[in-house]
Amino acid sequence: MNIKKIICSTLVMGTCLVSAVAFAEPTSYQYFEKGVLSQARDKVVEAIAYYDKSVELNPTYAPSFYNRGVCLKAVGEKEKAFADFNKAIELNEKYVSAYNKRGEYYLENGDKEKALADFNKALTYAPQNKEALALKAKCGK
């Protein structure tokens, strides 16, 4: 007999239902939130694991891809990070921060033309975005 059945057999129905919910698998968003907390505490590898689970449960949530990309970049997984920034943009074409990070990738790899295109795209959605403006300046334009 598992723990849920023991608890349910001794409690009234309404309480039993609440107990069963407490044992439910966390949602994609709950894993995302755990990733954000881990990332804020500089536990980047732990954050990546939470974002992996979030993406697995909901492959259409752009912020999970973006945040995982930021963490992957921090641990030197630049190609994987680039793929996540691409996916975030695919899921949300107005994701300014994802354009900025992808543009940084291009800039770091010597492709100023693509970098500039991404920074300009970010600026079409957020004309005063300080990060995009600063990164665009690094392109010499």
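Residues numbered from 1 in each chain as written. Predicted model: local features only at pLDDT ≥ 70, side-chain atom pairs only at ≥ 80, totals over all residues. Heavy atoms only, no water.

Novice: Provide a residue-level description of the pattern of salt bridges, including the pertinent values.
Specialist: Charged atoms that come close allow side chains of opposite charge to pair. For the structure shown, the criterion picks out 8 salt bridges. Across the salt bridge formed by Glu56 and Lys53, the nearest N and O atoms sit 3.4 Å from each other. Of this pair, Glu56 and Lys53 are both found in helix α4 (residues 44–57), 3 residues apart, which corresponds to roughly one turn of the helix. Looking at Lys53, the relative accessible area reads 25%, which means it is partly exposed. Between Asp118 and Arg102 there is a salt bridge whose closest N-O contact spans 2.7 Å. (Salt bridge = Lys/Arg side-chain N within 4 Å of Asp/Glu carboxyl O. Helix = DSSP H or I, 4+ residues; strand = E, 2+ residues; numbered from the N terminus. Buried < 20%, exposed > 50% of the residue type's maximum accessible area, 1.4 Å probe, protein only.)

Novice: Explain the nonpolar core to me, and be specific about the residues and the numbers.
Specialist: With 22 residues, the main nonpolar core has Tyr66, Cys71, Ala88, Tyr95 and Ala98 as its most contacted residues. Listing elements by their share of this core, those giving two or more residues are α4, α5 (62–74), α6 (78–91), α7 (96–108) and α8 (112–125). What Cys71 contacts, discounting residues up to four positions off in sequence, is Gln39, Val44, Ala47, Ile48 and Tyr51. Core analysis: the second largest hydrophobic core is formed by 9 residues, Tyr106, Leu107, Leu135 and Cys139 among them. (Core = buried A, V, L, I, M, F, W, Y, C linked by side-chain atoms within 4.5 Å. Contact = heavy atoms within 4.5 Å.)

Novice: Give a detailed account of unusual backbone geometry, specifying residues and quantitative values.
Specialist: Located in the positive-phi region is Asp42, a residue other than glycine, with phi close to 60 degrees. Relative to the helices and strands, Asp42 resides in the loop between α3 (28–40) and α4.

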